[in-house]
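Chain residues, written in single-letter form:
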Amino acid sequence: MADSIMSKAATMEIPINSNGDTGTLPEDDSLEQDLQQVMVSGPNLNETSIVSGGYGGPAGGIIPTSSIKDIRMKSRGVGLPNSQSAATRLSQHTDQHPGSSNNNTGNSTEELSRGVAVEKLDSVKKWGINTYKCTKQMFSERFGRGSRTVDLELEAQIDVLRDTKSKYETILKLTTALTTHFQSMVETQQALGDTFADLSQKSPELQDEFGYNAETQKLLCRNGESLLSAISFFVSSIDTLVNKTMEDTLLTIKLYENARLEFDAYRSDMEELSLGPRDAAAMVRIEMAQHDYQIHRDKYERLRSDVTIKLKFLDENKVKVMHKQLLLFHNAISAYFAGNQEQLEQTLIQFNVKLKPPGTDKPSWLEEQ
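The residue numbers shown here count from 1 along each chain, following its written sequence. Reporting of local features is limited, given that this is a predicted model, to residues whose pLDDT is at least 70; pairs of side-chain atoms are given and counted only at 80 or more, and all residues count toward the totals for whole chains, interfaces and linings. Side-chain numbers come from the whole structure's heavy atoms, not from hydrogens or water.

## So, the overall build of the protein
Put simply, the rule reads: The helix count covers DSSP runs of H or I at least four residues long, the strand count covers runs of E at least two residues long, and both are numbered beginning at the N terminus. Each residue gets one of three labels from its accessible area relative to the maximum for its type: buried under 20%, exposed over 50%, partly exposed in between, using a 1.4 Å probe on protein chains only. Each accessible area is a Shrake-Rupley estimate made with a 1.4 Å probe; only the visible protein chains count as cover when residues are assessed.
For the protein, the helix and strand inventory stands at 10 helices and two strands. Element order for the protein, N to C, with α for helix and β for strand: α-α-β-β-α-α-α-α-α-α-α-α. Classification of the 369 residues of the protein by burial places 24% in the buried group. Summed over all atoms, the accessible surface of the protein reaches about 26,400 Å², with 56% contributed by carbon and sulfur.

Shown next, in the form of structure tokens:
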């Protein structure tokens, strides 16, 4: 019965007017009763199928309505995992606000750059004020208008050190020149000895005479190499004492003198402010000047103590080093010019001096290129 009714309904024509509305159908009581019966006794709509190929089409074109419902639910986001929904919302939020993270990064970078610029500006400002005060104090001392802090005992020791360094530099310069000249003499003696030895082989009538001179030059050359090693050791020790130990102490003295100038500059500034008015603004400036004065005073006293200690150790080290080196130099020179080869070798052993052949201190031809 249901099939006959459906076939009858399928073959009916529904008139449609120009506005797209269905036209009125003639009343048919039997048809209405049959449709009501189909609605009551018919199958569940959730379990029905839709024929894609029209009524009476092949079974391959049937699509269950439950699958369509699932497709609609998925398209609406129903039934998706929470992670996918969260990712979707995050992507939507990112699409809506694409420049929020970039703006935060740009703001933090701008704040950092501004902070660095402010620090540099403050540093330059402090440096300018300090330079102005120190320059003013320096000219005041030079023209006799300002007072200067003086430690007479320490200043005398510093003057002695500078004079000593100057004289030791002269010794270093002269002994270096002596080493250069003596090395040339040893090389000349070696070449002369080789020439005498060669001529003794080629001149039978003067073989003995050339042989004696060749042996003498070789002996002088060997003793000269020993003396050259002793002088080179002496020069190396003097160079270390002058250009490292004394130079380090003089560097500390330079820092001490700069600290003394800064201390006197801030002391003079504080004294000038103390002689001025005593209003609220002046008191604030006086307190700041006293604070800066105390900082530079502590720095000055600390460096003065460092200079005193270094001068003491330098004097002890200088006496110890020079006592050994002067004894080495004297014994080596005396033994060489006395022709005492045994004493010269004993001197090298006593002071742990290694024998250096001539020309070892010169750079190779590859290093000269």
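## Quick word on the nonpolar core
Selection rule: For our purposes a nonpolar core is just a set of buried Ala, Val, Leu, Ile, Met, Phe, Trp, Tyr and Cys residues, chained together by side-chain atoms within 4.5 Å. The contact definition used throughout considers only heavy atoms, calling two residues in contact when any of these lie within 4.5 Å.
Counting residues in hydrophobic clusters, the biggest one holds 40 residues, and the most contacted among them are Ile 158, Leu 161, Ile 253, Tyr 256, Val 307 and Leu 311. Elements with a minimum of two residues in this core: helix H6 (152-202), helix H7 (207-274), helix H8 (280-338) and helix H9 (341-350). For this core, the leading source of residues is H7, giving 17 residues. Non-local contacts of Ile 253, meaning those with residues more than four positions away in its chain, are made with Ile 158, Leu 161, Arg 162, Val 307 and Leu 311.

## Brief notes about the packing of H8 against H9
Put simply, the test is: Only C-alpha atoms enter the line fits that serve as axes; for helices the fit covers just the stretch in contact. Angles between N-to-C directions range over 0 to 180 degrees. If an angle is under 35 degrees, it is roughly parallel; if it is over 145, roughly antiparallel; if it lies from 65 to 115, roughly perpendicular; otherwise it is oblique. Left-handed is the label given to a crossing in which the near helix is rotated counterclockwise from the far helix by less than a right angle, and right-handed is the label when the rotation is clockwise.
Their axes nearest at 8 Å, the elements H8 and H9 cross at an angle of 160 degrees. With respect to each other, H8 and H9 are oriented roughly antiparallel. For the pair H8 and H9, the sense of crossing is left-handed. Contacts from Leu 328, Asn 331, Ala 332, Ala 335 and Tyr 336 of H8 reach H9 at Gln 343, Leu 344 and Thr 347.

## A short note on the packing of H7 against H8
When two helices pack together, their arrangement is given by the angle between the helix axes and the distance between those axes. Let me state the cut-off plainly: Gly falls in the polar group here, along with every residue not listed as nonpolar (Ala, Val, Leu, Ile, Met, Phe, Trp, Tyr, Cys, Pro) or charged (Asp, Glu, Lys, Arg).
For the pair H7 and H8, the least separation of the axes is 7 Å and the interaxial angle reads 165 degrees. Taken together, H7 and H8 sit at an angle that is classed as roughly antiparallel. By crossing handedness, the relation of H7 to H8 is classed as left-handed. When the residues that make up the contact of H7 with H8 are grouped by side-chain class, the tally is 32 nonpolar, 11 polar and 13 charged.

## Focus on the environment of Asp 194
By the element assignment, Asp 194 lies in helix H6. Sequence separation between Asp 194 and Gln 217 is 23 residues; the distance between their C-alpha atoms is 8.7 Å.

## Examining the pattern of salt bridges
Applied cut-off: What counts as a salt bridge is simple: a side-chain nitrogen of Lys or Arg found within 4 Å of a carboxyl oxygen of Asp or Glu.
Evaluated as defined, the whole model comprises 17 salt bridges. For Asp 163, the salt bridge identified is with Lys 167, shortest N-O distance 3.4 Å. One end of the pair, Asp 163, and the other, Lys 167, are both in helix H6, four residues apart, so they sit about a helical turn from each other. Residues Glu 301 and Arg 297 are paired through a salt bridge, measuring 3.3 Å at the closest nitrogen-oxygen approach.

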